[in-house]
Every structure is written in structure tokens, then in C-alpha cells.
There are 4 protein chains.
Amino acid sequence: MSRNKIVDASVKLFSELGYHRTSMDDIAKEANVAKGTLYYHFSGKGELFETIVTDGFQMLKDQIGQVLSENQPPEQQIRSIVQRHVELFLQYSELVHIIANEITNGIEPEILERIMGLKNKYIDFLSDILRQGHEDGELNKLHYELAAAGLIGMIESASMYFIKQGKGTREELHETINTIVLPALLRNL
Amino acid sequence: MSRNKIVDASVKLFSELGYHRTSMDDIAKEANVAKGTLYYHFSGKGELFETIVTDGFQMLKDQIGQVLSENQPPEQQIRSIVQRHVELFLQYSELVHIIANEITNGIEPEILERIMGLKNKYIDFLSDILRQGHEDGELNKLHYELAAAGLIGMIESASMYFIKQGKGTREELHETINTIVLPALLRNL
Amino acid sequence: MSRNKIVDASVKLFSELGYHRTSMDDIAKEANVAKGTLYYHFSGKGELFETIVTDGFQMLKDQIGQVLSENQPPEQQIRSIVQRHVELFLQYSELVHIIANEITNGIEPEILERIMGLKNKYIDFLSDILRQGHEDGELNKLHYELAAAGLIGMIESASMYFIKQGKGTREELHETINTIVLPALLRNL
Amino acid sequence: MSRNKIVDASVKLFSELGYHRTSMDDIAKEANVAKGTLYYHFSGKGELFETIVTDGFQMLKDQIGQVLSENQPPEQQIRSIVQRHVELFLQYSELVHIIANEITNGIEPEILERIMGLKNKYIDFLSDILRQGHEDGELNKLHYELAAAGLIGMIESASMYFIKQGKGTREELHETINTIVLPALLRNL
DNA sequence: CATGAATGAGAATTCATTCAT
DNA sequence: CATGAATGAATTCTCATTCAT
């Protein structure tokens, strides 16, 4: 019970404020739990953050796994992946942002490494999709992992700009990303 | 003299460690000046960071301004912009990363706002290039500012991955980005 | 427990050294608690000081309320008020001094304002006593609030001089103040 | 030249802000002089303050000396002394306040002692006037030095209240103080 | 005479973490 | 399971003072 309240509060606060601006006090207050309780369930701020992040990546993978299992044509698949990713991002903006970028910061190196590992696995996961999706068509020289990393960055940067600056509509966001991504990835488009 | 030493030390440390992991003590030590000297030249950590960031953006704009003044054909121009951006990024990796992403963090809101303003100006700058470059050709529906924001994110995310994971070569990095970017932007390609 | 130790230490140190010469380190050391403990119980030096001051005024009011409730003739009442005030002052010398005078200093304006409010309330409280006490007798033109403020200043300044210079006896102190105050206030004396 | 500018700036700033809130930087800026120049003319902040204070007392004494030399009847003399003191106070409010009260604070003990000496001399000066003025009449038991200290406190506290709270008029201020002071001091009134 | 860059000791505050209950 | 009072290391910032020019 307490554990869940803590996790929920953490997602909310880390999402809103980022890692550093979120203090254990804030989390305890938001979760309606005593500060000591945080340390009963988690070894520290780092582990708490790691838990959230791990869950975040799992969500991303689940979403995308769903898309893949639907067995659509490649173009539609990529559109769907982008869409899910963008929507998830818009929902948890800061959290996904942290996962993807801010990670570099002031987190214990050990935990940081594990989180980076998660991110890399996610990139591998995406790059496999790219590789497979293109094995049939002809493709320009393209490094799939770098491409996957780049795509993630693009999606997040554009979404972030959309959220923060309020420029464009949700549809334009999806379309702009697709317009850039699709011709690049789908040879036969 | 001192001021320069401080700026140099700051670039180095902010680049290596990010904003939060870099303490004023660290900077003073690295710069071989007394702690008070930092506050003689800058009003605080925030202003010091802002200075670095402002300089960074200026460098980016200068680089790109150079490219534009060379009056090459569009494709070559975009290739050059990407190349300069990537190279600058590779050189100042973390710093540019911070400029572009980490900004969200625990910086005084006022300063944060000014830095966000700089980033937005840079995005406007890029989106103008996109808009102009495409005015002649036929273009799919594309929101230039979102596209510019996305491009920056893609370049940085891919470069980051390249640096951190050592996957691929410098050429593959450039080529991968170009392969994604060019067909998307240049209709007549 | 800790809170009490902190309050006691603060009264002692603020009384002896004044607001600025008393550091949070000093207080922590005097109270035998860790520095962080101060901030667990009080939001900062300002709030700690405000607490002490508020308590001080409460003590003053309580003392004087007691006097009034004893329903003595006016002259005796004023004598008692002066006596209580002087005695309290002699006991907490510097603290009361700070409350009454030093306030002007380097305290956060917001807190300063609240403390000034307390002092003004105390002056109002005294001036009401003056006004009521004289409603029956004939009284020269006299602005009660200015008179109350003046009386406080006189008591404190004389007491301070007594403490610091060791001139006169405790009885002379009381008598001198009464000799000045009584004929001024009591028309029918 | 510089020295004068520094003294003027110091009077202004110490008067407005008190000792602690006034920094050497502030003084230098206000005086349009480099910080080092302050130390060319004065050995430090303490000496600078002492100079101001000494001048302040001299002014007080001069004012009162003038009154005394005018050879008026006792009542008029005391009225004049009060008036001069009050007017001087209203003009240099904070400065006189500091001289009289705030002195206790964070000033080097050595300098503090000298300033206290000045204040005591001023009290002696006043108490002599009191003693002489009453030698002829019959006087209740009254400790002249304590009375003098009390009078100063009363004048300042009432004036301060007048300034800060804007209660009453200038005339009421003078009258209220006189109404309290005169019957107390002048037996034959 | 005057400067202003540089100093460094000292101060307030934050916050992740511990631990007795 | 849960608590919350207590901790103390780390951090940012202030400011009187020094000194080479």
C-alpha cells in the first residue's frame, strides 16, 4: 500500500520536477507517508528513481510490443510506434525526458550505468525493428543503432518543444515526425 | 585573466559533470582561484552557467552562419549544417547536451527562462532555414519549428550515443543523420 | 526536547550577542544539537528569532495583564507595570533590547514587519491603559501612542545604562523611572 | 575630497540601513570611489563607523551647547534641548538610533567600548544639566544619570515611532515628550 | 592618492540518510 | 510495517580586507 503510494508520488514528482528538484521530503509529503517509510521500501533516492525508470522503459516496450504484435504493414507499424512513443512522452513528459537525456546528471554512477544499460537495450530493441523492417527493401548505408538513438532524440525533442512552447497541434507533431521518419526508413515509399 | 580561467574551468567541469555535480568549489579549484573570485566575476552559479550556455549557442550560430554564407546548393548546405552541429557536439559533448536538454533541471527559473529563450531562437533560426530552403520545392505538411526541434534532438541523441557507446564511426554518424534528414527535407532528392 | 534546548540556547545567545553576532553554529553548539536540527524545527534563523521575540512579547503582556487584573489604584498600577517591565528587562536585558530596538537591523523584511507589528500592538496595549487611566482625571494634551512608545524607550534605555554601567541601585532605577513617569501621567498626583 | 565623499556616503547609508546592512561595497558605490580608497582613508569599517558616530555626538553636543549658551529659563532650556534632540533625530533617524541603541551589535569590542564611552559622556553631560537645573528647587530622589539615559531613550523611542508609524504630528511629538519630561524635572512647575 | 581584482574565513541553508521506537 | 526526530556533510554565497600597480 505505502509502496504504491510512494511509487505514484515519485512518478508524479520526478516527471514534473526532474531528479534533482525532487526531494525525498517532497515525495513523502506527496505520498502521505513518513520520510522513514521511503527508506523502508527503497534503499535510497537512487533506487527509487531506478525503479521508476525501469517501469517507464517496460511501459515503452509493452506499448511497442503491442504494436508489433498487431502485424501491420511496415509503414503503419512505424507510424504506430511513433504515435505510442509520442503519446507516452506527452503523458509523462519529464519522466521520459529524464530517462532519455537527463540521466547524465547527478545520479550515483552505479545506478546510472544500469539505467544506461536499459536505455541501450531499448535502442537495440528499436534498431532490431529497423533492421528487420528494411531487410527486404534496398537501404542506404545506415547504422541502425545510431538511427534508433537519433529517432528517440527526435521524437523527444520535438514533443518537448510542443509541450513547452505550445507550437503546432498534436496532429502536426505526429505528422512532422512521420514525414521525417518514414521516407528515411522506408525505401519503397 | 582570472575570469578566463574560471570560464575555461567551468566549460570543462559543466561538460564533464553537468550542472549539479559541478560545485563552485570544484570550479575554483580547477581554475586555481579563490572561491570568492568566482563571485567577483559572476553573480552566482546560475550566471556562470548562463554565460557558458550563451557562448555555446553563439558558437553554434556562428558555425551555421558560416555555412549559409558559403552559398552552396541546399543539399550541401544541410549536410554542412549537420556536420558542424555534430562536430561541435562531439567536441563539447556534455555541454551542448546540457544546453539542449538538461536545462530542465534545478536552475533558477529566471535563468532557465532566458536559456530556453536562446534555444528557441536557435530553433527559429533553423526553422527559417528549413522554410526558405523548401519554398521552391513541393513539401509535405511539415511544421518547421517542430521539425527543427526534432532535428536538433536527433543529432544530439545520435551523437551522444556515439560518444557514450562507441558504436559506429564518425562517418557513419554523419551519414546516418544525413540519410534520415535529407530525403525528409529535400523534396526533389 | 531538542526544540526546547534550541529555544533556550537562542534566548541566551541572542540576548548576549544580538542577532548578527549569533550564528546558527553557535546556537547548535550551545544547544548540543546538530546544525541540521535547527532547521528541522525552524525554517531558518529569522523564524527562530521571531519565535523568541514573540514569546518575549507574550511574557511582557502576561506580566502586565497580571498587574491590571489585580485592580489596584492607578498609581500603584503604573508603578507595578514599570516594575515588571524593568525586571523583565533586567532579566533578559539584551533580548528585550533587541525586541525593542535592534529590530531595525538585517532581518528579512517580512519577518521584521511582523515583529514591528508585535511591538506596535504592545504599544497600543500600553496606550490604551494610559488612555483609560486618564479618562477620569484632567490631562494635558498628550498623544497616547507616542507617550507609550516613549515610556518603553525610557525604561529600556535607563535599564540598559544601569546594567552596562552599574550606576545606581535597582531601587534607584525603579524610583527614577517612576518619578519621571508618575507626575506626567497622573494629573491628580 | 574622497574622504568627504566617503563620510557623506557613510552617514547616508548607515542612517538608512544600520551598521550590518551597510557593506563597504555599498559605501564605495554611493561615494563614487573605489573600494580600496575606503581603506586608504580609514583602517576599516569599524573606524569608519566610529568616525561617523563621533561626529554625531559632537553635533548633539554643539546643538545643546548652543541652547545652554542662550541663557534661557530652565523650562525653556529643557524644551529647547528636547526640540533640538528630536529634530536632529528626525533628520538622522537611523544614525542616532544606532548611536543610542544598536551599538551593542556586531562591532569590534574595542571600538564598541570607545563609542559607549562617548555615549556615557553625553549622558554625563545631560545629567549635569539636570543636576544643575534642579539644585535650587526641591527634587524627589532621582538618579540623574539614570534619568538622563532614560530621557534619551524616551526621545528616541517616541521619535522612532513617529517616523516609522506616522502617528501624530511633529508638534504632538514635541508636546508629548515635554509633557512627560517637564513636570518630572521641574519641581516648581 | 587611488584603484579594483583577488582573497578566504565564515555564514546560512539543504537534504539524503539513520535509527530508536 | 511505519514513523519522524535528528544528523552532518556538502553547498552556495557574503563581505571585510589586502595588495600590486
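What you see is a predicted model, and the numbers here were worked out from it, not measured in a lab.

**Student:** Any details on the overall build of chain A? Residues and values, ideally.
**Tutor:** A tally of regular secondary structure across chain A gives 8 helices and 0 strands. In chain A, the succession of helices and strands from N to C terminus is α-α-α-α-α-α-α-α. For chain A, the residues scored as buried account for 53% of the 189 residues in total. Of all intrachain contacts in chain A linking residues separated by at least 6 positions in sequence, the fraction that spans at least 24 positions is 66%.

**Student:** Lay out the UniProt feature "domain: HTH tetR-type" (unreviewed entry) in chain A with the relevant residues and their values.
**Tutor:** As annotated by UniProt and renumbered to match this structure, "domain: HTH tetR-type" (unreviewed entry) occupies residues 1–60 of chain A. Secondary structure across residues 1–60 of chain A divides into 85% helix and 0% strand, with the first and last C-alpha atoms of the span separated by 25 Å.

**Student:** Pulling in residues and values, what's your account of the UniProt feature "DNA-binding region" (unreviewed entry) in chain A?
**Tutor:** Under the local residue numbering, the UniProt record ascribes the feature "DNA-binding region" (unreviewed entry) to residues 23–42 of chain A. Along residues 23–42 of chain A, the helical share is 75% and the strand share 0%, with 14 Å between the first and last C-alpha atoms.

**Student:** Can you break down the packing of aromatic side chains residue by residue, with the values?
**Tutor:** Residue and element names in this part refer to chain A. All chains considered together, the criterion is met by 17 aromatic pairs over all chains. The interplanar angle of 65° and the centroid separation of 4.8 Å between the aromatic rings of tyrosine 19 and phenylalanine 49 together place this pair among those described as edge-to-face. With tyrosine 19 in helix 1 (residues 2–21) and phenylalanine 49 in helix 4 (residues 45–69), this pair connects stretches of sequence that are 30 residues apart. The residues tyrosine 19 and phenylalanine 49 share a single accessibility class, namely buried. The ring of tyrosine 19 carries lysine 45 above its face, with NZ or CZ at 4.5 Å from the centroid.

**Student:** Report on the protein's contact with DNA strand F, specifying residues and quantitative values.
**Tutor:** Every one of the 31 residues lining DNA strand F counts as a neighbour, but Thr37 and His41 of chain A together with Thr37, Tyr40 and His41 of chain C are closest to it. The separation between a base nitrogen of DNA strand F and a polar main-chain atom of glycine 36 of chain A is 2.9 Å. For DNA strand F, a base oxygen lies 2.9 Å from a polar atom in the side chain of lysine 35 of chain D. Contributions of two or more residues to the surface near DNA strand F are made by helix 3 (35–41) of chain A, helix 2 (24–31) and helix 3 (35–41) of chain B, helix 3 (35–41) of chain C together with helix 3 (35–41) of chain D. Class assignment of the residues belonging to the surface near DNA strand F gives a composition of 10 nonpolar, 14 polar and 7 charged.

**Student:** So what's going on with helix 7 (residues 144–165) of chain C? Residues and values would help.
**Tutor:** Residue and element names in this part refer to chain C. Its 22 residues give helix 7 an end-to-end C-alpha distance of 31 Å, which sits within 8% of 32 Å, the value for a rise of 1.5 Å per residue. Of all the 22 residues making up helix 7, 19 are buried; the element is thus mostly covered by neighbouring parts of the structure. Phi for glycine 166, located one or two positions after helix 7, is positive at around 60°.

**Student:** Tell me about the pattern of salt bridges, residues and numbers included.
**Tutor:** Applying the stated criterion across every chain, the model contains 28 salt bridges over all chains. In this structure, the salt-bridge partner of lysine 167 of chain A is glutamate 145 of chain B, at a minimum N-O distance of 3.3 Å. Of this pair, lysine 167 of chain A sits in the loop between helix 7 (144–165) and helix 8 (170–185) while glutamate 145 of chain B is found in helix 7 (residues 144–165), placing the two residues in two different chains. Exposure remark for glutamate 145 of chain B: the relative accessible area of 16% places this residue in the buried category. The partner of glutamate 70 of chain D in a salt bridge is arginine 84 of chain D, with the nearest N and O atoms 3.8 Å apart. A residue pair is termed long-range when its members are at least 10 positions apart, and glutamate 70 of chain D in the loop between helix 4 (45–69) and helix 5 (74–100) and arginine 84 of chain D in helix 5 qualify at 14 residues.

**Student:** Break down the packing of helix 1 (residues 2–21) of chain D against helix 4 of chain D for me, with residues and values.
**Tutor:** Residues and elements named next belong to chain D. Two elements in contact, helix 1 and helix 4, have axes whose closest approach is 10 Å; the angle formed by their N-to-C orientations is 90°. As summarised for this structure, helix 1 and helix 4 are arranged roughly perpendicular, according to the angle between their axes. Residue-level inspection shows Arg3, Ile6, Val7, Ser10, Val11, Phe14, Tyr19 and His20 of helix 1 in contact with helix 4, the latter providing Lys45, Gly46, Leu48, Phe49, Thr51 and Ile52. Of the residues contributing to the contact of helix 1 with helix 4, the split by class is 8 nonpolar, 4 polar and 2 charged.

**Student:** So what's going on with the protein's contact with DNA strand E? Residues and values would help.
**Tutor:** Residues in close proximity to DNA strand E total 30 residues, the closest being Thr37, Tyr40 and His41 of chain B together with Thr37 and His41 of chain D. A share of 62% is what sugar and phosphate atoms reach among the atoms of DNA strand E within 4 Å of the protein. With respect to DNA strand E, the side chain of lysine 35 of chain A contributes an N or O atom lying 2.9 Å from a base oxygen. Within the side chain of histidine 41 of chain B, an N or O atom sits 2.4 Å from a phosphate oxygen of DNA strand E. Classifying every residue of the surface near DNA strand E by side-chain character gives 10 nonpolar, 14 polar and 6 charged.

The rules behind each value
- Residues numbered from 1 in each chain as written.
- Chains lettered and ligands numbered in written order.
- Predicted model: local features only at pLDDT ≥ 70, side-chain atom pairs only at ≥ 80, totals over all residues.
- Heavy atoms only, no water.
- Helix = DSSP H or I, 4+ residues; strand = E, 2+ residues; numbered from the N terminus.
- Buried < 20%, exposed > 50% of the residue type's maximum accessible area, 1.4 Å probe, protein only.
- Contact = heavy atoms within 4.5 Å.
- UniProt positions renumbered as here; feature names shortened; annotations may be inferred.
- Phe/Tyr/Trp six-rings, centres within 6.5 Å; stacked < 30°, edge-to-face > 60°.
- Lys NZ or Arg CZ within 6 Å of the ring centre and 35° of its normal.
- Near = heavy atom within 4 Å.
- Polar contact = N/O pair within 3.5 Å; in protein donor to acceptor, adjacent residues only side chain to side chain.
- Nonpolar A, V, L, I, M, F, W, Y, C, P; charged D, E, K, R; others polar.
- Expected span 1.5 Å × (residues − 1).
- Salt bridge = Lys/Arg side-chain N within 4 Å of Asp/Glu carboxyl O.
- Axes fitted to C-alpha atoms, helices over the stretch in contact; angles between N-to-C directions.
- Parallel < 35°, antiparallel > 145°, perpendicular 65-115°, else oblique.

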